[in-house]
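# Coordinates in review
This is what each chain is made of:
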Amino acid sequence: MSNEPSSSGQQSAQLLYAPNVQHNNLTLTSIRFISAVFAGAVAGILGLTNFAGFGLFALSMLWSAFCVYVVCCKGKPGKYMISAVTAKTSNGGSGSGIMELLNPGSDNAFTFVLVWTLFYGIVHARKMSIDKLVKRLMLLSEKAEPQYESRLEILNKQRH
């Protein structure tokens, strides 16, 4: 019996250290999430709608992938991405890890839309000052007829 692994799956398992893989995935997920939140806030504040907003999301995901590629991975994402390591050993090819960087994930797309609509509603909602609101309420109360009289008013009418 030899000590060498018999399959490529075992070889890739030996190349990966689970705590490092978890840390890399958590870091990448956090960067994508923060990028989606900021892009949604910017899209909402700028009042972007339809494809312009989703274009901003795509640009922010590309920019964050580029920053991770340059800063975190030092131009070699294949060393840090689990899909690239497993692709190298199972296919005998060179897994680059670029696709893992470019995948925004559906949860980040939903986060983007949520923050986008939140900020759009806050910034671009119909603005009404408190003074206008109070005036409208006073006008409504003057026009409305009272439906009942207070007990004090009834007692005063009975005494007179």
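Model, not experiment: these values are computed from the prediction. (Residues numbered from 1 in each chain as written. Predicted model: local features only at pLDDT ≥ 70, side-chain atom pairs only at ≥ 80, totals over all residues. Heavy atoms only, no water.)

### Things to note about the nonpolar core
Taken as a class, soluble globular proteins show a tendency for nonpolar side chains to be buried jointly. Quick note on the threshold: Residues grouped as a nonpolar core are buried Ala, Val, Leu, Ile, Met, Phe, Trp, Tyr and Cys residues, joined through side-chain atoms within 4.5 Å. Only protein chains enter the accessibility calculation, which uses a 1.4 Å probe; a residue whose area is less than 20% of its type maximum is buried, one above 50% is exposed, and one in between is partly exposed. For helices the rule is a DSSP run of H or I covering at least 4 residues; for strands it is a run of E covering at least 2, with both sets numbered from the N terminus onward. Note on contacts: a residue pair qualifies if any of its non-hydrogen atoms lie within 4.5 Å across the two residues.
Ranked by size, the top nonpolar core spans seven residues in total: Ala36, Ala39, Ala43, Phe57, Met61, Phe112 and Trp116. Elements supplying a minimum of two residues to this core: helix H2 (18-46), helix H3 (50-72) and helix H6 (106-124). Here the element with the most residues in this core is H2; it accounts for three residues. Not counting chain neighbours up to four residues away, the residues in contact with Trp116 comprise Gly40, Ala43, Gly44, Leu48, Thr49, Asn50, Gly53 and Phe54. Among the nonpolar cores identified, the runner-up in size contains six residues, and Leu28, Val68, Cys73 and Leu101 belong to it.

### Regarding the confidence of the model for the protein
Here is the rule: For every residue, the predictor states its confidence as a pLDDT score lying anywhere from 0 to 100.
With 67% of its residues at a pLDDT of 70 or more, the protein shows a mean pLDDT of 76. Summarising per-element confidence for the protein, the mean pLDDT is lowest in helix H1 (residues 8-15) (55) and highest in H3 (92). Per-residue pLDDT stays below 50 along residues 1-6; that stretch engages in three contacts with residues further than four places along the chain or on separate chains.

### Quick look at the UniProt feature "transmembrane region" (unreviewed entry) in the protein
Definition in use: UniProt positions are given in the numbering used here, feature names are shortened, and annotations may be inferred rather than shown by experiment.
Mapped onto this numbering, the UniProt entry gives "transmembrane region" (unreviewed entry) at residues 26-46, 53-71 and 109-126. Taken as a whole, residues 26-46 contains 100% helix and 0% strand, while its terminal C-alpha atoms sit 30 Å from one another. Helix makes up 100% of residues 53-71 and strand 0%, with an end-to-end C-alpha separation of 27 Å.

### Observations concerning unusual backbone geometry
Positive phi is not limited to glycine here, since Asn50 has a value of about 55°. With respect to the helices and strands, the residue Asn50 is situated in helix H3.

### Section: the packing of aromatic side chains
Cut-off, in case you're wondering: Centres within 6.5 Å make a pair out of two Phe, Tyr or Trp rings, where for Trp the six-membered ring is used; the pair is then stacked when the planes are under 30 degrees apart, edge-to-face when over 60, and tilted otherwise.
One pass over the structure, following the stated rule, counts five aromatic pairs. With centroids separated by 5.2 Å and ring planes inclined at 40°, the aromatic side chains of Phe112 and Trp116 adopt a geometry described as tilted. Of this pair, Phe112 and Trp116 both sit in helix H6, four residues apart, which is roughly one turn of the helix. No difference in accessibility class separates Phe112 from Trp116, as the two residues are buried. Ring pairing ties together the aromatic residues Phe54, Phe57, Phe112 and Trp116, which thus form one cluster.

### With respect to the side chain of Ser60
Here is the rule: Here a polar contact means two N or O atoms within 3.5 Å. Within protein one must be a hydrogen donor candidate and the other an acceptor candidate, and residues neighboring in sequence count only if both atoms are side-chain atoms.
Along the polypeptide, Ser60 turns up in helix H3. Using a relative accessible area of 14% as the deciding quantity, one classes Ser60 as buried. A polar side-chain atom of Ser60 sits 2.8 Å from the main-chain carbonyl oxygen of Phe57.

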